[in-house]
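# Descriptive structure summary
Take a look at the letters that make up each chain.
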Amino acid sequence: MQDNQLITKDPRSGELKVPNHPIIPFIIGDGIGPDIWRAASRVLDAAVEKAYLGERSIQWKEVLAGEKAHDKTGEWLPKETVDDLKKYLVSIKGPLTTPIGGGMRSLNVALRKALDLYVCLRPTKWYPGVPSPVLHPEWVDMVIFRENTEDIYAGIEYVAGSAESKKLTDFLSSELQADYDFLPNSGVGVKVASKSGCERLVRAAIEYALINKRKSVTLVHKGNIMKFTEGAFKNWGYQLAESEFADQTYTWDQWERTKSEKGEEAANQEQEAATSAGKIIIKDVIADNFLQQILLNPRDYEVIATMNLNGDYISDALAAIVGGIGIAPGANINYQTGHALFEATHGTAPRFANTDSMNPSSVLLSGVMMLEYMGWQEAANSITAALVKTIKQKKVTVDFYNQMSDATLLKTSEFGSQIIENL
């Protein structure tokens, strides 16, 4: 391996340095992972070849995780895999099985923790021709920034009736005078929200909105109930926007202060002036209300910043609106170090393993996100256009076929070939 095949991040400019023939690790995934990866990787290679006429290419390097790793090494996540993901900076993966009855809680969470991938990036957009359960899926065009390392996904919880659970509930009752009557058979979990963790997530969301000329960033939270975690997330988000992006944003907090001091009309005029000046509006919505708003008023929202559990629900709900999780891409990113792991967002679907029947669009569109992250926009655009053309032709896999009339049913591999033909 030559050094000029490594993707690096310039520590001074923060720019990603991508060679013409970078080595990119991939985890093939469990269950349907091999089927969808084979189709998606062929499309990615063909798009890069066609866009750059051989001057650029991806050198794929398989690394092991999940069932394949366990079968070959006895480990679910070998250290060598983590080392390679750290070394090569950018990588991609299929769906992974979570060990049952032992081992780590989640391989996906373990990978995010190992590389401190604090942003789970989930763009949600409807592509013409994709079946949807709602009347106007084209109104949805949101990018979710889901905090990836804290909240309840920190994994701090104790089994009901265990010594650890009893010790924690006793401490909460006796030392902290918690206003709750713990029953002896209570399982207990800890929710974590740090100021630095929340700030770096919101900072990434605002920077994305500025770069991509989005009009708003919405902080989604449950701060009306969880005031010192979810509520703190909202407050820290507003404070960061006003302290670090004062010339480029206008917050609802500012609107509230102006309303209190000068009246609602003055506050509205101030916000209108900020919008006219091209400033990004920073607003917030309670999480349960937001799940309603994405159905009723999705055009009001563009970039979303939220904590881990909220982001989990919101991402999948939005995916359902635009065609299902089978076409939903995702990425786990540390914008400070440059590490990025792109991934299929769905499960392993083991009953369909080796059937060559499932939709590869989630991992393929995650590959599109990867190309965009690398700055290879021409190849990324060509894949998106070819995918849309293929779906419009109604040449689709079984998930879409069952929701369309007069469609042609394709296998996973055939779907990939059709996209390549449409490049």
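The shown structure was predicted, so the numbers you read here are calculated from the model rather than taken from an experiment.

### Focus: the packing of helix α13 (residues 377-392) against helix α15 (residues 412-421)
- Running from amino to carboxyl end, α13 crosses α15 at an angle of 115°, the nearest separation of the two axes being 8 Å. Viewed along their axes, α13 and α15 form a crossing whose handedness is right-handed. Residue-level inspection shows A386, L387 and T390 of α13 in contact with α15, the latter providing F415, Q418 and I419.

### As for a nonpolar patch on the surface
- Together, I156, Y158 and V190 give the surface a local cluster of nonpolar side chains, amounting to about 210 Å² of exposed area.
- You can see Y158 is positioned in strand β8 (residues 157-158).

### A few points about the environment of Q5
- Following the sequence through the fold, Q5 ends up in the segment before β1 (8-9).
- Spatially, the C-alpha atom of Q5 lies 8.1 Å from that of V18, the residues being 13 residues apart in sequence.
- If near-sequence neighbours (up to four positions away) are discounted, Q5 is found in contact with P19, H21, P22, I23 and Q59.

### Observations concerning the sheet that holds strand β3 (residues 23-27)
- With mixed pairing, the eleven strands of this open sheet are ordered in space as β4-β3-β5-β15-β14-β6-β7-β13-β10-β12-β11. Two strands close off the open sheet at either side, each with one partner strand: β4 (59-62) and β11 (249-251). If you compare each strand with its neighbour and ignore which way they point, the axes differ by 25° on average.
- Direction of pairing for β3 relative to strand β5 (residues 90-93): parallel, over a ladder of two bridges. Across the sheet, residue F26 finds its bridge partner in β5, namely I92.
- Strands in contact with helix α3 (residues 79-88) are β3, β4 and β5; relative to β3, the strand with the most contacts, it is inclined by about 145°.
- Taken strand by strand, helix α6 (residues 195-211) contacts β6 (119-125), β7 (141-147), β10 (216-221), β11, β12 (280-286) and β13 (303-306), and its axis lies near 160° from that of β7.

### Some thoughts on the UniProt feature "binding site: NADP(+)" (unreviewed entry) in the protein chain
- Under the feature "binding site: NADP(+)" (unreviewed entry), the UniProt entry names T97 and N359.
- Position of T97 relative to the elements: it lies in the loop between β5 and α4 (107-114).
- Taking the relative accessible area as the measure of exposure, T97 reaches 18% and is therefore buried.
- Excluding its chain neighbours within four sequence positions, the residues that come into contact with T97 are D30, E67, L107 and T348.
- Here N359 is to be found in the loop between β15 (340-344) and α12 (361-374).
- What makes N359 buried here is its relative accessible area of 5%.
- Aside from chain neighbours lying at most four places away, what touches N359 is I36, G326, T397, D399, F400 and F415.

Thresholds, definitions, all that
- Residues numbered from 1 in each chain as written.
- Predicted model: local features only at pLDDT ≥ 70, side-chain atom pairs only at ≥ 80, totals over all residues.
- Heavy atoms only, no water.
- Axes fitted to C-alpha atoms, helices over the stretch in contact; angles between N-to-C directions.
- Helix = DSSP H or I, 4+ residues; strand = E, 2+ residues; numbered from the N terminus.
- Left-handed = near helix turned anticlockwise from the far one by under 90°.
- Contact = heavy atoms within 4.5 Å.
- Patch = residues over 30% accessible without salt bridge, like charges linked within 9 Å, V, L, I, M, F, W, Y side chains within 5 Å.
- Areas by Shrake-Rupley, 256 points an atom, 1.4 Å probe, with all protein chains shown as cover.
- Salt bridge = Lys/Arg side-chain N within 4 Å of Asp/Glu carboxyl O.
- Pairing = 2+ DSSP bridges.
- UniProt positions renumbered as here; feature names shortened; annotations may be inferred.
- Buried < 20%, exposed > 50% of the residue type's maximum accessible area, 1.4 Å probe, protein only.

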